[in-house]
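Residues per chain are reported as follows:
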Amino acid sequence: SQQGEEDPQALSIQEGENATMNCSYKTSINNLQWYRQNSGRGLVHLILIRSNEREKHSGRLRVTLDTSKKSSSLLITASRAADTASYFCATDATRDDKIIFGKGTRLHILP
Amino acid sequence: DAGVTQSPTHLIKTRGQQVTLRCSPISGHKSVSWYQQVLGQGPQFIFQYYEKEERGRGNFPDRFSARQFPNYSSELNVNALLLGDSALYLCASSLGLLAGISTDTQYFGPGTRLTVL
């Protein structure tokens, strides 16, 4: 079963706008990661946030983690056409040694 | 340095056949994980191998097996193929074992697209 659930399932925004995607999970985690996937190809690691961290930045990416709500958000600022992709959250649950991915958010940046 | 490589890129098989997929990790990486990604879904964890030993297994039937070689490359075998095995199979490598408080990054290969007819 999938640990994480991304929301929304699909998102279309104008180039230059900010895109926010959310991820909810079910069990306690060691860390949470966000990945990007272009057109059914390999995944690219974007950012990892540990369970004791609340916010992390990397370039135009901002990730927050709320362990009390078991949720995370990924914010992409000043979106570009190249940001069009599927975005997945993945959790490393404390109870087992598996990386569990959500179903993903399909982001489409409109020119 | 080369990234994670997988072969073949595409594969078409018929029901009941067997398939072997191959993965070469990034040089120096000792852990390889395999994932199955059905169209429209997120990757599903199949196996993790570290130092040639199985260190994690997802909810897949025994038809799925894997191994890791002394050079840390890996093979995923699927026997008695079913139509539902059609998917993108992803391999990922990392420096160490992905467990507990590890913050190692996984690097994914481009995947093998398996179609079962």
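The rules behind the values
Residues numbered from 1 in each chain as written. Chains lettered and ligands numbered in written order. Predicted model: local features only at pLDDT ≥ 70, side-chain atom pairs only at ≥ 80, totals over all residues. Heavy atoms only, no water. Disulfide = S-S within 2.5 Å. Helix = DSSP H or I, 4+ residues; strand = E, 2+ residues; numbered from the N terminus. Buried < 20%, exposed > 50% of the residue type's maximum accessible area, 1.4 Å probe, protein only. Phe/Tyr/Trp six-rings, centres within 6.5 Å; stacked < 30°, edge-to-face > 60°.

## Brief notes about the state of the cysteines
Evaluation of the coordinates by the stated rule reveals two disulfides over all chains. Bridging C23(A) to C89(A), the disulfide has an S-S length of 2.0 Å. Of note, the bridge from C23(A) to C89(A) carries an S-S torsion of about 65 degrees and is right-handed in sense. One end of the pair, C23(A), is in strand β3 (residues 19–24); the other, C89(A), is in strand β9 (residues 85–93), and 66 residues separate them in sequence. Accessibility expressed as a relative area gives 1% for C23(A), which makes it buried. For C89(A), a relative accessible area of 0% translates into the label buried. Here C23(B) pairs with C91(B) through a disulfide, and the sulfurs are 1.8 Å apart. Taking the torsion about the sulfur-sulfur bond, which here is approximately -60 degrees, the covalent link between C23(B) and C91(B) counts as left-handed. A residue pair is termed long-range when its members are at least 10 positions apart, and C23(B) in strand β3 (residues 19–24) and C91(B) in strand β9 (residues 87–94) qualify at 68 residues. Summarising the burial analysis for this pair, C23(B) and C91(B) share the class buried.

## A few points about the packing of aromatic side chains
The geometry of two aromatic rings is summed up by the distance between their centres and the angle between their planes. Taken as a whole, this structure holds eight aromatic pairs over all chains when the rule is applied. Plain terms: the ring middles of Y35(A) and F101(A) are 5.2 Å apart, the flat faces sit at 50 degrees to each other, and that makes the pair tilted. One end of the pair, Y35(A), is in strand β4 (residues 29–37); the other, F101(A), is in strand β10 (residues 99–101), with 66 residues separating them in the sequence. Exposure remark for Y35(A): the relative accessible area of 0% places this residue in the buried category. F101(A) gets classed as buried once you look at its relative accessible area, which sits at 1%. The interplanar angle of 65 degrees and the centroid separation of 5.1 Å between the aromatic rings of F60(B) and F64(B) together place this pair among those described as edge-to-face. Judged by its relative accessible area of 15%, F60(B) is buried. Three or more aromatic residues joined by ring pairs form one cluster here, namely Y35(A), F101(A), Y35(B), F45(B) and F108(B).

None of the figures reported here should be taken as evidence of function without further support.
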